[in-house]
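# Coordinates in review
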Amino acid sequence: LRPALEDLLGAGAVIASLAGTRSPEAAIAALAFQHHAPQLHDTLAACASGREKITRDEAADIDLAAALNVSAARPQLIDGGFQRT
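Residues numbered from 1 in each chain as written. Predicted model: local features only at pLDDT ≥ 70, side-chain atom pairs only at ≥ 80, totals over all residues. Heavy atoms only, no water.

### What to know about the packing of helix α4 (residues 48–55) against helix α5 (residues 59–66)
Put simply, the test is: For helices, the fitted line uses only the C-alpha atoms of the stretch in contact; every axis is such a line through C-alpha atoms, and the angle between N-to-C directions lies from 0 to 180 degrees. Secondary structure is summarised from DSSP: a helix means a run of H or I of at least four residues, a strand means a run of E of at least two, and numbering begins at the N terminus for each. These descriptions rest on fixed angle ranges, namely under 35 degrees for roughly parallel, over 145 for roughly antiparallel, 65 to 115 for roughly perpendicular, and the rest for oblique. Contact criterion: two residues are considered in contact whenever any of their non-hydrogen atoms come within 4.5 Å of each other. Each residue is assigned to one of three groups, with Ala, Val, Leu, Ile, Met, Phe, Trp, Tyr, Cys and Pro labelled nonpolar, Asp, Glu, Lys and Arg labelled charged, and all others, Gly among them, labelled polar.
Two elements in contact, α4 and α5, have axes whose closest approach is 7 Å; the angle formed by their N-to-C orientations is 135 degrees. Regarding the angle of α4 to α5, the classification is oblique. Listed contacts from α5 to G50, K53 and I54 of α4 are A59, D61 and I62. Considering only residue class, the contact of α4 with α5 consists of 3 nonpolar, 1 polar and 2 charged.

Shown next as structure tokens:
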């Protein structure tokens, strides 16, 4: 079993920024992100997927994944589909 740590941390980053009641799964994702946020890049580089990226000379993907709050764009659900706003 190899759970995708990067997916858990990505979901946790979003969940951590939202108010409201959380399911146990959402709470764990938010806590995992909050724990690893100070060293997010290092954590992503050290996980199995990160090591594979580095081996394949795709370390720039880790830089992109670890960049927080750098995009002014946000998707918004409009008429049943996500649109950039």
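Following the structure, the description resumes.
### Here we look at the confidence of the model for the protein
As a reminder, the rule being used: Values of pLDDT, ranging from 0 to 100, describe the predictor's confidence in every residue of the model.
With 98% of its residues at a pLDDT of at least 70, the protein reaches an overall mean of 92. Taken element by element, the protein is modelled with least confidence in strand β2 (residues 81–84), mean pLDDT 81, and with most confidence in helix α3 (residues 40–46), mean pLDDT 98.

### Some words on unusual backbone geometry
Note the threshold: Burial classification: accessible surface area is computed with a 1.4 Å probe over protein chains only, and a residue below 20% of its type maximum counts as buried, one above 50% as exposed, and the rest as partly exposed.
Of note in this structure, D57 is not a glycine but carries a positive phi near 60 degrees. The exposure class of D57 is exposed, given its relative accessible area of 73%.

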